[in-house]
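What follows is each chain in one-letter form.
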Amino acid sequence: MALLPIVFHWIAIGACVAKRMSSVRVIFFYVCSLIECCIAVIITLLVLEPFGSLSLRSCPVSQLSDWYTLLHNPSINYQYTLHCAQEAVYPLYSAVCIYYAIALLVMIIVRPIIAKIIALVARGVHRFRRKPSANGIVAVATSLSVCNRAFYAALYFYPALIAIHAISAGLLYYAFPYVIVLGSLISNAIHLSGAVPESNEMAVIEYIRGLFSKPRNVCLILGHWILNAYAIVSLTELTKPALHVPLLALTPVPFLFYLGTMRFTNPEHVKMHIPRIQR
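So, here's what we can say about the structure. (Residues numbered from 1 in each chain as written. Predicted model: local features only at pLDDT ≥ 70, side-chain atom pairs only at ≥ 80, totals over all residues. Heavy atoms only, no water.)

A short note on helix α1 (residues 3-16)
Between its first and last C-alpha atoms α1 spans 20 Å; for 14 residues at 1.5 Å apiece the expected length is 20 Å, and the two agree. Within α1 the residues assigned to the buried category are P5, I6, H9, A12, I13, G14 and C16. (Helix = DSSP H or I, 4+ residues; strand = E, 2+ residues; numbered from the N terminus. Expected span 1.5 Å × (residues − 1). Buried < 20%, exposed > 50% of the residue type's maximum accessible area, 1.4 Å probe, protein only.)

Take a look at the structure:
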């Protein structure tokens, strides 16, 4: 659950910022969102027991019902329900909510400052040009508008994440490695399909050259590889290092699989064969 804000931040930045700003600024936003979440994680660990330490002391989890003690309040004579439920998995349930609240607060403090700095830099560049134009003023206004869109998107998905965690925390605790694998595969396919305009005559080498020519694409590809490696570690827990560590070499397999099958899944290639099939 701690990874979800970072993923949603990057999705929002990619949808709102990537098409309207340079790759350097987009990477800057990626790094800033990552730093915001890291600061929130550190503060969350410091305020939980043991206080002032980056370690975490928690109760063991034995079954799914441990996450939903509210549904297991004792009923006296089947007439009166005694509401005495407590967090049996403390602080695994409350820590995530605290983390989301702190991450939201850090974002509200840091993100406007970053947006203001970017606007001031754009305004300064426009002011020191020899021939200032109206396009520079429009660029400054566009920078602020784009930054605000990514900011507003985060204001929406943080409450949604808190609601999802409150309802399905136990299910996500047991299923999150598979969720990470599935989400990474879908995100990887969506990114690679729109990163470089494809054509029937494009070779794989040309596609790779166009893909790695943009720093943003490189960052996203490495991010997907890190998610895949994290999912492998979560599934295996590296209990048998001699067997499980070599599995980390499978992290680039989805990327290589897409490169190997892109010529067969190109929509233009399919459209070319549709008239033949109809005949």
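Structure's up, so let's keep going.
With respect to the packing of helix α2 (residues 23-47) against helix α6 (residues 215-236)
Two numbers describe a pair of packed helices, the interaxial angle and the distance between the axes. Two elements in contact, α2 and α6, have axes separated by 8 Å at closest approach and are oriented at 30°. Viewed along their axes, α2 and α6 adopt a mutual orientation that is roughly parallel. Taking contact as the criterion, the partners of S23, V26, I27 and Y30 in α2 are, on α6, P215, R216, C219 and L220. Looking at side-chain class alone, the contact of α2 with α6 contains 6 nonpolar, 1 polar and 1 charged residues. (Axes fitted to C-alpha atoms, helices over the stretch in contact; angles between N-to-C directions. Parallel < 35°, antiparallel > 145°, perpendicular 65-115°, else oblique. Contact = heavy atoms within 4.5 Å. Nonpolar A, V, L, I, M, F, W, Y, C, P; charged D, E, K, R; others polar.)

Quick look at α2
Between its first and last C-alpha, α2 extends 37 Å over 25 residues, near the 36 Å set by a 1.5 Å rise per residue. Regarding α2, the residues found buried are V26, I27, F29, Y30, C32, S33, E36, C37, A40 and T44.

Considering the environment of H244
As for its placement among the helices and strands, H244 is situated in helix α7 (residues 241-244). Of the residues examined, H244 reaches a relative accessible area of 11% and is grouped as buried. Through-space distance from the C-alpha of H244 to that of V233 is 8.1 Å; in sequence the pair is 11 residues apart. The contact partners of H244, leaving out residues within four places of it in the chain, are T236, L238 and T239.

Thoughts on the environment of I164
Tracing the chain through its elements places I164 in helix α4 (residues 134-195). Residue I164 is classed as partly exposed on the basis of its relative accessible area, which comes to 41%. Once the C-alpha coordinates of I164 and M1 are considered, the two residues, 163 residues apart in sequence, prove to be 9.9 Å apart. Residue contacts for I164: discarding those within four places in its chain leaves A169 and L172.

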